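Secondary and tertiary structure notes
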Amino acid sequence: MKFNQTEILESVVAHQLKSEEDLPNLSVGDTIDVHQRIIEGGKERTQVFQGVLIGMKGRGINRMITVRRIVANEGVERIFPLHSPKVAKIEIVRHGDARRAKLYYLRDRVGKSRRLRDRRRGMKHVEDSGARN
Amino acid sequence: MPPFILGRKVGMTRYYTEDGKNIPVTVLQVGPCVVTQVKTSESDGYSAVQFAFEDVRPRLSTMPLIGHDAKAQTAPKRLHKELRLDDDAAASEFELGQTVLADVFADVKFVDVTSSSKGKGFQGGMKAWGFKGKEASHGVERKHRSPGSIGGHGSEAGNSGGVKKGKRMARRLGGFTTTTRNLDVVSVDAERGLLIVKGTVPGPNRGIVTVREAVRLNRRKQTTVKAG
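Residues numbered from 1 in each chain as written. Chains lettered and ligands numbered in written order. Predicted model: local features only at pLDDT ≥ 70, side-chain atom pairs only at ≥ 80, totals over all residues. Heavy atoms only, no water.

1. A look at the overall build of chain B
Helix and strand content of chain B: four helices and twelve strands. Here the C-alpha radius of gyration of chain B, 23 Å, is well above what a compact globule of 228 residues would show, namely 17 Å. The dimensions of chain B, computed from C-alpha atoms along their principal axes, are 70 × 50 × 40 Å. Across the 228 residues of chain B, 38% fall into the buried class. A fraction of 69% describes how many contacts in chain B between residues 6 or more apart in sequence connect residues 24 or more apart. As presented, chain B carries roughly 13,400 Å² of accessible surface, and 49% of it is formed by carbon and sulfur atoms. Taken as two groups, the 37 positive and 23 negative side-chain charges of chain B have centres that lie 14 Å from each other. (Helix = DSSP H or I, 4+ residues; strand = E, 2+ residues; numbered from the N terminus. Rg over C-alpha atoms; globule rule 2.2 N^0.38 Å. Buried < 20%, exposed > 50% of the residue type's maximum accessible area, 1.4 Å probe, protein only. Contact = heavy atoms within 4.5 Å. Areas by Shrake-Rupley, 256 points an atom, 1.4 Å probe, with all protein chains shown as cover. Lys, Arg positive; Asp, Glu negative; His and termini not counted. Charge placed at Lys NZ, Arg CZ, Asp CG, Glu CD.)

Right, dumping it as structure tokens:
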């Protein structure tokens, strides 16, 4: 019997995906706030992890984002499943300018060079930068 | 009517529970199956029911089989599988030509899935049986994946050495019928014939699977069934 594997697999998880309204239009290089639901001793609270979005991978329900921040002079990277109910909300703090899809080079950077340029209106290599900001 | 159906494995994906747990799930496309024969102790000496699955071009079937399917008023089918039943009373629940859909699993909590595993070809002891092999160094040369000793002089009391029957060695691996038992049923979509189970199912995507209600449950799962 012929069936479209991708179509079936996407349809069975479709109701679990977060809608576009729930998720901002993320791009690599952005500084973002990830609000996480944490259940501790029967109580639920939200914890915010702020950092630079250094990579995205996967499609649909398998979408994962890697966020890097510096805690007490130590680099910390966390990978969040974008569509997990534990990720309550994602907010963009700042649009950064990234020329690559994966910003792994930030791992080797120290001090000021760790920062990314702000994405500004009219930058030649970013087509929709004007519309975004 | 005992829940039993044939189908194909679609593939794997993930589910998130409301509290954020990730469940790996396998999606199976099952049915519709047609009852092509009902066997009773009177007619065949035992009680069973035969299900058929998936239409096939008549050219790929055989005349005897086409005739067999025609008796149940159905088009030629690719696959026929029999389910043994306890007695004739159970068999009388089935009717020739009856259609079986995924909704027979609507109230089922755990299932067994049988299918043919992926063929791996002829494999050594390490892959086939999980042997540890030999060390990477300390004088080992060209024998890193060898099974080591397979028995020796007087290796077992009462026997004078030699290799025992059934000694695990390199062999052909995979491609045999395997059953994964007691998989949780995550959801049943009778309309589209989709059965979603937790965990893995043997065989490749698009491979043929047989699903039945779990026959041997561990204690935790038994309690779940009773409570539900």
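Let's pick the thread back up.
2. Side note on the environment of valine 28 of chain A
With respect to the secondary-structure elements, valine 28 of chain A resides in the loop between helix 1 (5–13) and strand 1 (31–40). Ignoring anything within four residues of it in the chain, the contact list for valine 28 of chain A reads Leu53, Ile54, Gly55, Met56, Gly96, Ala98, Arg100, Ala101 and Leu103 of chain A.

3. Overview of the sheet that holds strand 4 (residues 48–55) of chain B
All names here are of chain B. Spatial ordering of the open sheet is given by 5-4-3-6, a layout of four strands whose pairing is antiparallel. The open sheet has two edge strands with one neighbour each: strand 5 (77–84) and strand 6 (99–100). Running over the sheet, helix 1 (residues 63–71) touches strand 3 (33–39), strand 4 and strand 5 and is turned about 65° from strand 5. (Pairing = 2+ DSSP bridges. Axes fitted to C-alpha atoms, helices over the stretch in contact; angles between N-to-C directions.)

4. With respect to the nonpolar core
Core analysis: the biggest nonpolar cluster contains 29 residues, and Leu28, Phe51, Phe105, Val111, Val113, Leu195 and Val211 of chain B have the highest contact counts within it. Setting aside residues no more than four positions away along its own chain, valine 211 of chain B makes contact with Pro3, Phe4, Ile5, Leu28, Val30, Phe105, Val111, Asp112, Val113 and Leu195 of chain B. Formed by 19 residues, the second largest nonpolar core is a distinct cluster that contains Ile32, Val34, Ile90 and Leu116 of chain A. (Core = buried A, V, L, I, M, F, W, Y, C linked by side-chain atoms within 4.5 Å.)

5. What to know about the environment of phenylalanine 3 of chain A
Along the chain, phenylalanine 3 of chain A turns up in the segment before helix 1. Residue phenylalanine 3 of chain A is classed as buried on the basis of its relative accessible area, which comes to 9%. Setting aside residues up to four positions removed in sequence, phenylalanine 3 of chain A forms contacts with Ile8 of chain A together with Arg8, Lys9, Val10, Gln29 and Arg206 of chain B.

6. Considering the layout of surface pockets
Considering only enclosed or pocket space, the largest pocket measures out at about 250 Å³ in volume. Contributing to the lining of the largest pocket are 13 residues, with Leu9, Glu10, Arg59, Gly60 and Ile61 of chain A lying nearest its centre. Where the lining of the largest pocket is concerned, the elements lending two or more residues are helix 1 of chain A together with strand 1 (4–16) of chain B. In terms of residue class, the lining of the largest pocket is built from six nonpolar, five polar and two charged. Put simply, the second largest pocket is a space of about 200 Å³. When grouped by side-chain class, the residues that make up the lining of the second largest pocket number eight nonpolar, no polar and six charged. (1 Å grid on protein atoms, 1.4 Å probe; cavity = no way out; pocket = protein on both sides within 12 Å on 5 of 7 lines; lining within 4 Å. Points joined across faces, edges and corners; volume = space filled by probe spheres on them. Nonpolar A, V, L, I, M, F, W, Y, C, P; charged D, E, K, R; others polar.)

7. Details of a positive patch on the surface
Together, Lys86 of chain A together with Lys21, Lys198 and Arg220 of chain B line one region of the surface with positive charge. With respect to the secondary-structure elements, lysine 198 of chain B resides in strand 11 (residues 194–198). Relative accessible area serves as the criterion here: at 39%, lysine 198 of chain B is assigned to the partly exposed category. (Patch = residues over 30% accessible without salt bridge, like charges linked within 9 Å, V, L, I, M, F, W, Y side chains within 5 Å. Salt bridge = Lys/Arg side-chain N within 4 Å of Asp/Glu carboxyl O.)

8. Some points on the interface of chain A and chain B
Counting residues at the interface gives 19 residues for chain A and 23 residues for chain B. Interface area, chain A with chain B, both sides summed: about 1,900 Å², of which 59% is carbon and sulfur. Across the chain A-chain B interface, the total number found is zero salt bridges. The tally of links between chain A and chain B comes to six residue pairs in polar contact (both at pLDDT 80 or more). The element contributing the most residues to the side of chain A that touches chain B is helix 1 of chain A, with six residues. For the side of chain A that touches chain B, a count of residues per class yields ten nonpolar, seven polar and two charged. (Buried area = accessible area lost by both parts, 1.4 Å probe. Polar contact = N/O pair within 3.5 Å; in protein donor to acceptor, adjacent residues only side chain to side chain.)

9. A short note on the pairing of strand 4 of chain B
Residue and element names in this part refer to chain B. Burial within strand 4 is extensive, with seven of its eight residues counted as buried. Taken together, the six bridges between strand 3 and strand 4 define a ladder with antiparallel strand orientation. Paired with valine 34 across the two strands is alanine 52, which belongs to strand 4. Looking at chain direction, strand 4 and strand 5 are connected through seven bridges and run antiparallel. Looking across to strand 5, one finds that phenylalanine 53 is bridged to leucine 79.

10. Thoughts on the pairing of strand 7 (residues 110–116) of chain B
All names here are of chain B. Most of strand 7 sits inside the fold, with six of its seven residues counted as buried. Sheet topology note: the strand 7/strand 12 (residues 208–213) ladder contains five bridges and is antiparallel. From the neighbouring strand, valine 113 faces strand 12, where its bridge partner is valine 211.

11. Thoughts on the confidence of the model for chain B
All names here are of chain B. Taken over all residues, the pLDDT of chain B has a mean of 90, while the share at 70 or more is 95%. Mean pLDDT across the elements of chain B ranges from a minimum in helix 4 (residues 219–227), with 75, to a maximum in strand 8 (residues 121–123), with 96. For this predicted complex, the interface confidence comes out at an ipTM of 0.77, alongside a pTM of 0.84. (pLDDT = per-residue confidence, 0-100.)

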